[in-house]
Amino acid sequence: MSDWLSIVPLLLVATSGLFIMLADAFSKEKAELALVTAVSLGTAGLVAVGLLASGSALPPLPEVLGSYLAVDELSLFFDFVICLGGALSALVAGGYLREHELERGELYVLIVLATFGAMVLARSTDLLTLFLGLETMSLSVYAMIAFRRTSARAVEGAMKYFLLGSFAAAILLFGGALLYAATGHTDFAGIGAKIGSGEVEPVLVLVGMLMVLAGLAFKVGAVPFHMWTPDAYEGAMTPVTGFMSVAVKAAAFAVFVRILVVALPGEEVASMTSGWPPVLIFLSVLSMVYGNVAAVAQKSVKRMLAYSSIAHAGYILLGLAAASVVGEPAISGVLFYLLAYTVSNILAFGSLVMIGSRGKEAVDYDDLAGVGRRHPYVALPFIIGVLSLMGFPPTAGFFGKYYVFNAAVQAGGGFVWLAVIGLLASAVGAYYYLRVVVVMLMKSPAEGQVVAVPMKSGYVASALAMSGAAVMVFGLLPSWALDLAISAAQKLIG
Amino acid sequence: MDNLAILWIVLLPLAGAIINGLAGRFADRKLVALVAVGSVLGAFALAVSSFLELTHLKAEGVEDPRLVADVYQWFTVSLPSATGAFREVPIQVRFVFDSLSGLMTLVVTGIGSLIHIYSLEYMSEEKSYARFFAYLNLFTASMLILVLASSLPLMFVGWEGVGLCSYLLIGFWYETPAYAAAGRKAFVANRIGDFGVLVGMFALVMVAGSFEFTDINSASPEMTAPMVFGGSALEMSIATFACLFLFLGCTGKSAQIPLYVWLPDAMAGPTPVSALIHAATMVTAGVYLCCRLSPVFLQTPSAMEVIAVIGALTAFLGATIAVVQREMKKILAYSTVSQLGFMFAAVGVGAFASGFFHVFTHAFFKACLFLGAGAVMHAVHAHGDADIFKLGGLKKHLPLVRWTFLLSCLAIAGVPGFSGFFSKDEVLLGATTVAMVETPIAPWVGWVVAILLTLAATLTAFYMFRLYYLTFTGTYRSGEGAHADGEHAEGEDADDHGHDDHGHGYDPHPHKPGIAIGLALTVLAAGAVFAGLLGLPHHWLPNWWHHWMEPSIAGLALSEEASHAMGPVWAAMGMGVLAMAVGVGLATVQYRDKNEDTFTASLPKGLFSFLFDKWRVDELYGATIIRLNKGIAVLSGRLDKSFIDGLLTGLTSKAVALGSFLFTRIQVGVVHAYGLVMVIGLLGLGWWFLYPHAELEVETDGAAATLQAGRGLGYEYRFDLDGDGAYDVPAQPTRVTVRFEQGATGAQLLRAGMRVRAAISPEPWPADRAALGRLVSQRGGKTYELTPPLTRLDDVRAALEGSEGIASVRFEAVAGAARFAREARAEARYDEGQFATDRAALLIAQGRAEPIRILLGTSPTRIDPSVLGPNGLGVREEGTNLPPYAWVEDGKVVIRPNAAGAVIAGQEPVERVELGVGEATRLGMAMVRAAPVVRATVEVRNAFGNVARESVDVILEGASASARAQLVPSSLHPIEVLR
């Protein structure tokens, strides 16, 4: 039985998904499902982090699963991050659905299933499990976006995401097929070993690699595969947007890390001349610049956060590219960044939910005018959230940015310039993040404008309290989380 | 070794400051008072008990008793050791209570407690009661950190802390702009000094390799080495350098020339503040620092002479100004400047313990004087400061204040028996000793100091009694029916910030002070009388002070007879008593029971106003330094507005806004467009892979070079290493003929289109695929073309010959086009025949810096004078200043240097220099070398069959004229290719 120890979080999530589906059919009080979801996802996350922190050796999985799912610290780290994102989103959703009278239990089932898919994706060591996890996650997310089915925007966003997502999945699948054709393997380790041996057809490998990377870049929302992001983020309900921006992104980056390190190692495919680092650099620079600059002109805070998530993908990709030179510091920086980004973004989206109530939702900057003075305790988490996203010390976001940029500087050469571009781009970012603070604290609502009235919800408040505390704790005492990230990265690199 | 009591001495006032600072304004005044006074009294009690413990240890025969509280390691710093290797040096938060710091702690907490108590009454009508006490407690805590710190950095924390509190308390009534300005002035003057402390600290720490005072002091003998600064040795020792900078810090904090100007203005603060900070404790921090580091100061007689002279000058200057002032606190302020001068004069003549003794006695009588002045002002409701010409006759109204004030006046004037007499005598003794006995310090310094101090002491006795008589004797000039004496030289008094808000004199009915003020005055007056008994003249009487201070404070090493010479003793005592007698006598004659200023009015008009305007030093600073500074500030301000805000910020924000607008246009909302963007992105990335990227990098070593091209999956390379247009790697394709044994199955194995390896043997070969290449032709059955690298041919042969069914293997070279190989790296050794004839590099080395490299062609290249530095290239005739040029002509480098160089005596300017490749010569201050250049090219072919080419000029810096002979000519090709 102890063979299954390392995937206990995954199994917990899977069984709770089935249980919640049943409970939804028989329960009347749907809001309780939010709590059940949050507790079960939170438990899974805590189990993962407990296994990780205990540092005990993980037993290998039974042979049936062994080559498909990873048993390592990296997976546990991502189990933690994804479950944390899922649990906090479920809490926020619990408050949101009740306030907006949308109470239907499917959303929680979908959250759990999407989380499950994300965890499988993060754990996959084979192109087959990768695709399985990806589709489980994506299909649930499409449905989550379309949850508000009477809203044209929601349906539009879901449709766009679905169409483009299918397109991206096709590209990824085709790339995987080419890799298989070149190497005769579908497992990452086998692909990596074969490419390392040099006995592969370079054209197949290069094209296959490019297409797989493009497919993953779509999921993380990197420019130029980002076009769906603003529409889908805006169309989805805010708690769902929060979930998408954290759990989906974290899982996609997890598999990104694993493919780069395991399946595409070696001097030739990881070369700056003609390997994946230039691809990542290209995506990273475009994402950092485009995301930050485009976010400036947005009127809707939600859309601004969508563009900002593109920019954050750019920073993380920069760290991944630097991993080709420095290895562990870059990867652990990326892991810490994802953790910090998860709590900060949930804090921001959760606050956006909290600030509005039925009929008086906060969407645009104008809706936020003066909230800070009218309801300081609702504005405070939002301010902490955007400051952390901005990378303001001593929040978690500051250290995330610091570790990633530091890895780039350590990598030396052209990476130093990339770090400079990143810093300049995040200086642009400071403009729109601080604008939230300015509007909330210093602006007054225009004459006759409907002002946002904060909702009252223990679920949302507790989600904000938890993520706010996490943002500050990871900012003031980053070493605990960083140590976990470092050990995960070291074990991965070996 | 941990002594918690020592830690609590610091923590108690700090806690008081935090409590009152955060919660004080919500709390009851009594509670605030309890916290403020209680914390300092508690600290005092702990200090007393620790001090008793210390005396106990001393009595038990402990040489250098010290109580230590090791709190935690603050941080570590990397310092180079003597060998140049870096090591981590910890900086500890550690408090040490020893004979020096212990006594100072007693002063700070003891006098601090009295002044806190005094303030309870004095500040009772103040609005910001809690703020005042929070600041005062914070000051006490900072001062204690300064005093008890075991290392320079921690002391600097206290140093800055007291500076901050001083600023806050001077500007306590910040609603009055002039008071706030006084605070600023103090802060700025202190900041200048702080810079000196930091520089001095770094210089000391570099030698000692530690931040601890004890380590620095024990390393002091090494500090006589010359100071090395920016690679060149200065004409002063490290000790001199460090001590002069530390003294700069002291001139700021302890109000010496030239930075003393802030202290008189600091009287804008509440009077208890003036007593505590600007008389008794903070301003003596400089003296304390000098005593702490006395072994270091003793290494540098020249710095000590500077300190002695400046101290004596300050003492004299302060006293002259004090003579003509007409406000109580201003007189006392200049008196403080003057007395601090005494202390530094003592430090400068090596009498550290005596200087510190004067710190101790001065703390009592000056605090008492200030508090007495405060009591007077409190009594007559004078705000800010009190004009003594509107006072008078107060002995009737304020008997207690009068008596304590008088006792303190007697002490400061140096009347025998009072504390000031003993300490001033010790200081004078130090000066006369230097003047009359053989010491490392020049005797003239001793004389100058002794004379200046005697004059200053005379003036001190005079102005103090002028102050006393005008305040307490005569008739009360603000009393009922009396007219205010308003017609004084107000117009010229730039510093009179309009304190006299009454205009026509003060409250006609002075009221008696309460118990708190009375208590503080009484205790301090007792101290002023008796504190001197600790340091009785050691020639006749037991001197506890010197014995006590011995372990902590070093002194001048005097010979046995010198220390017993009586000449200096009599001289010092005579001068002191004479000065006192003259000063007091003159003042008594002039001012006793008088109501007008007969004496200073009789001074020549010019001298009076010069003194009254404080030697016009503020005006001097204003016209020079401050004006210059303001000019620069205005200029930077304009630049900031127009260039940074206007151009840079303005343009950047416009650009971002435009970009943002354009980017949002892309987001059209149509899903087809989104898909199209994805496809374009994918194609764009694919485009990058379609074409190879050579990224050639070169490393040279002598006449050899290593070329490294970028690696990529499926990349193949060929190099032209010498620029001859032919690719060198591999040099020739090789044809391999394999003959099979009769009846062997080899022919069946070798099938067209298969890799040779697979054909020969089903087992994998040790060599990789690249070693063999592709089967090119099956026709004839037996001839195969292989493209292996040259070095692997033997491997190929061995592998083929060992195989079953193969009879023989033959290799032959084939002329024809070069092939690509998989090696991204090539190493080459060059000889003269391969050097480019139309290119060369010029290396210009100046000093130890990295040489400048300039690539030359056949057309003249201008050498930018700005990269050559001030010495330029070559020697020039005076009056010419053209930039140098260089080019390649017939395989030689030609330089026309005759310009932009330095004019060097004994060297003739040259018109034209020819250098063969590999040769070097000296041109002016620069070493110039002509290095050969070879043009290397790499061609890269990727898996898609596309080819890219990149060329570099390889500068063979190491190839010299002499090295050339050692190159081995190669019969085949001079290039080896290694994997």
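One can find the structure itself at the top, above this paragraph.
Remember, predicted model here, so these are calculated numbers, not experimental data.

Visitor: Honestly, the overall build of chain B in this entry has me stumped. Any pointers?
Guide: The helix and strand tally for chain B stands at 32 helices and 20 strands. Taken over 979 residues, chain B has a buried fraction of 54%. Pairs at least 24 residues apart make up 74% of the contacts formed inside chain B by residues separated by at least 6 positions. For chain B, the accessible area works out to roughly 41700 Å², and carbon and sulfur atoms hold 61% of it.

Visitor: Got a minute to help me understand the overall build of chain A in this structure?
Guide: Within chain A, the regular secondary structure consists of 20 helices and zero strands. As displayed, chain A offers around 16200 Å² of accessible surface, 69% of which is attributable to carbon and sulfur atoms.

Visitor: Please clarify how the sheet that holds strand S14 (residues 861-862) of chain B should be interpreted in this entry.
Guide: Pairing between the strands of a sheet comes from backbone hydrogen bonds, and it takes one of two forms, parallel or antiparallel. Residues and elements named next belong to chain B. What the four strands build is an open sheet, ordered S14-S15-S16-S17; its pairing is antiparallel. With one partner strand each, in any of the chains shown, S14 and strand S17 (913-916) form the two edges of the open sheet. When strand S16 (residues 892-896) meets S17, the two strands line up antiparallel, connected through four bridges. Note on S17: the bridge partner recorded for valine 893 is leucine 915.

Visitor: Whenever I open this one, the interface of chain A and chain B confuses me. Can you help?
Guide: Size of an interface: often given as the accessible area lost when the parts come together. Contacts between chain A and chain B engage 45 residues on the former and 32 residues on the latter. With both sides pooled, the region where chain A packs onto chain B buries about 3500 Å², and carbon together with sulfur makes up 74% of that total. Taken together, the connections running from chain A to chain B amount to two salt bridges. The partner of arginine 711 of chain B in a salt bridge is glutamate 268 of chain A, with the nearest N and O atoms 3.7 Å apart.

Visitor: Whenever I open this one, empty space enclosed by the protein confuses me. Can you help?
Guide: By rolling a water-sized probe across the atoms, one finds the places where empty space is left. Residues and elements named next belong to chain B. Taken as a whole, this structure holds twelve cavities of 30 Å³ or more when the rule is applied. If you add up the space inside the second largest cavity, you get close to 70 Å³. Taken together, Ala413, Gly414, Gly420, Phe421, Lys424, Asp425, Leu428, Ala457, Ala572, Met573, Gly576 and Val577 form the lining of the second largest cavity. Counting only elements with at least two residues in the lining of the second largest cavity, the list comes to helix H18 (419-436) and helix H23 (567-591). Looking at which element gives the most residues to the lining of the second largest cavity, the answer is H18, with five residues. Along the lines of polarity and charge, the residues of the lining of the second largest cavity split into seven nonpolar, three polar and two charged.

Visitor: How do you make sense of the packing of aromatic side chains when you look at a structure like this?
Guide: For any two aromatic rings, the description comes down to two numbers: the centre-to-centre distance and the angle of the planes. Going through the model one piece at a time under the given rule, you end up with 52 aromatic pairs over all chains. Ring centres 5.3 Å apart and planes at 85° place the aromatic pair phenylalanine 360 of chain B and phenylalanine 364 of chain B in the edge-to-face group. Placement of both phenylalanine 360 of chain B and phenylalanine 364 of chain B in helix H15 (residues 352-380) is noted, with a separation of four residues, approximately one turn of the helix. You'll find phenylalanine 360 of chain B and phenylalanine 364 of chain B in the same group, each marked buried. What links up through ring pairs into an aromatic cluster is the set Phe51, Tyr288, Phe356, Phe357, Phe360, Phe364, Trp544, Trp545 and Trp548 of chain B. Residue placement shows arginine 104 of chain A over the ring face of phenylalanine 147 of chain A; its charged tip is 4.3 Å from the ring centre. Stacked on the ring of tyrosine 506 of chain B, the Lys or Arg lysine 390 of chain B has its end atom at 5.8 Å from the ring centre.

Visitor: Sorry, what's going on with the sheet that holds strand S5 (residues 697-701) of chain B here?
Guide: All names here are of chain B. Strand order in the open sheet formed by three strands is S5-S6-S11, with antiparallel pairing between adjacent strands. A strand with exactly one partner marks an edge of an open sheet, and here the two such strands are S5 and strand S11 (825-829). Between one strand axis and the next, the sheet turns through 15° on average, direction left out of account. Across five bridges, strand S6 (residues 704-708) lies against S11 in antiparallel orientation.

Visitor: In this structure, what is going on with the nonpolar core? I would like to understand it.
Guide: Considering soluble globular proteins, one finds that nonpolar side chains tend to be buried as a cluster. By size, the foremost hydrophobic cluster in this structure holds 226 residues, and its most contacted members are Phe95, Met143, Trp262, Phe356, Leu391 and Phe465 of chain B. Top contributing element to this core by residue count: H15 of chain B, with 20 residues. Counting residues domain by domain, this core receives three or more from each of domain 1 (1-150) and domain 2 (151-612) of chain B. Those residues in contact with phenylalanine 465 of chain B, other than ones at most four positions away along the chain, are Leu406, Cys409, Leu410, Ala413, Val584 and Ala587 of chain B. Membership of the second largest hydrophobic core comes to 212 residues, among which are Val205, Leu283 and Leu320 of chain A together with Val671 of chain B.

Visitor: What should I look at first to understand a nonpolar patch on the surface in this one?
Guide: Residue and element names in this part refer to chain B. On the surface, Leu639, Phe643, Ile644, Leu647, Leu648 and Leu651 cluster together into a nonpolar patch covering about 570 Å² of accessible area. Tracing the backbone shows leucine 651 in helix H26 (residues 617-666). By relative accessible area, leucine 651 is classed as exposed at 55%.

Visitor: Looking at this structure, I do not really get unusual backbone geometry. What am I missing?
Guide: When glycine is set aside, most residues are seen to have a negative phi, and most peptide bonds are trans. Here the bond from valine 223 of chain A into proline 224 of chain A is cis, since omega is 5°, no more than 30 degrees from zero. Tracing the sequence through the fold places proline 224 of chain A in the loop between helix H9 (202-220) and helix H10 (228-235). Of note, the amide linkage connecting isoleucine 257 of chain B to proline 258 of chain B takes the cis form, showing an omega dihedral of 5°. Mapping proline 258 of chain B onto the fold places it in the loop between helix H8 (238-253) and helix H9 (262-265). A positive phi angle, close to 55°, is found at arginine 616 of chain B, a residue other than glycine. By secondary structure assignment, the location of arginine 616 of chain B is in the loop between helix H25 (605-612) and H26. A positive phi angle, close to 50°, is found at glutamate 695 of chain B, a residue other than glycine. Mapped onto the elements, glutamate 695 of chain B comes out in the loop between helix H27 (671-690) and S5.

Visitor: Before we go on, may I ask you to explain the pattern of salt bridges in this structure?
Guide: One side chain can pair with another of opposite charge once the charged atoms of both are near each other. Going through the model one piece at a time under the given rule, you end up with 32 salt bridges over all chains. Between arginine 935 of chain B and aspartate 953 of chain B there is a salt bridge whose closest N-O contact spans 3.0 Å. Residue arginine 935 of chain B is found in strand S19 (residues 926-941), and its partner aspartate 953 of chain B is found in strand S20 (residues 947-955); the two are separated by 18 residues along the sequence. For arginine 935 of chain B, a relative accessible area of 31% puts it in the partly exposed group. Three or more residues joined by partner-sharing salt bridges are found here, namely Arg153, Glu156, Lys160, Asp231, Glu234 and Arg303 of chain A.

Visitor: How do you make sense of helix H14 (residues 328-348) of chain B when you look at a structure like this?
Guide: Structurally, the α-helix is built with 3.6 residues per turn, so residues lying three or four positions apart point the same way. Residue and element names in this part refer to chain B. If you check H14, its first and last C-alpha atoms are 30 Å apart, about what 21 residues at 1.5 Å a residue would give, namely 30 Å. Within H14, 21 of the 21 residues are buried, which leaves it mostly tucked inside the rest of the structure. Just downstream of H14, glycine 350 is the residue with a positive phi angle, here 85°.

Visitor: How should I be thinking about the environment of arginine 949 of chain B in this particular structure?
Guide: Residues and elements named next belong to chain B. Here arginine 949 shows up in strand S20. When its relative accessible area of 57% is taken as the criterion, arginine 949 is described as exposed. A C-alpha to C-alpha distance of 6.6 Å links arginine 949 and alanine 694, two positions 255 residues apart in sequence. Beyond its immediate stretch of four places on either side in the chain, arginine 949 contacts Tyr727, Thr937, Val938 and Glu939.

Visitor: How should I be thinking about the side chain of serine 408 of chain B in this particular structure?
Guide: One can find serine 408 of chain B in helix H17 (residues 399-413). Residue contacts for serine 408 of chain B: discarding those within four places in its chain leaves Phe365, Cys368, Leu369 and Ala528 of chain B.

Conventions we followed
Residues numbered from 1 in each chain as written. Chains lettered and ligands numbered in written order. Predicted model: local features only at pLDDT ≥ 70, side-chain atom pairs only at ≥ 80, totals over all residues. Heavy atoms only, no water. Helix = DSSP H or I, 4+ residues; strand = E, 2+ residues; numbered from the N terminus. Buried < 20%, exposed > 50% of the residue type's maximum accessible area, 1.4 Å probe, protein only. Contact = heavy atoms within 4.5 Å. Areas by Shrake-Rupley, 256 points an atom, 1.4 Å probe, with all protein chains shown as cover. Pairing = 2+ DSSP bridges. Buried area = accessible area lost by both parts, 1.4 Å probe. Salt bridge = Lys/Arg side-chain N within 4 Å of Asp/Glu carboxyl O. 1 Å grid on protein atoms, 1.4 Å probe; cavity = no way out; pocket = protein on both sides within 12 Å on 5 of 7 lines; lining within 4 Å. Points joined across faces, edges and corners; volume = space filled by probe spheres on them. Nonpolar A, V, L, I, M, F, W, Y, C, P; charged D, E, K, R; others polar. Phe/Tyr/Trp six-rings, centres within 6.5 Å; stacked < 30°, edge-to-face > 60°. Lys NZ or Arg CZ within 6 Å of the ring centre and 35° of its normal. Axes fitted to C-alpha atoms, helices over the stretch in contact; angles between N-to-C directions. Core = buried A, V, L, I, M, F, W, Y, C linked by side-chain atoms within 4.5 Å. Domains from an automatic or database assignment. Patch = residues over 30% accessible without salt bridge, like charges linked within 9 Å, V, L, I, M, F, W, Y side chains within 5 Å. Expected span 1.5 Å × (residues − 1).

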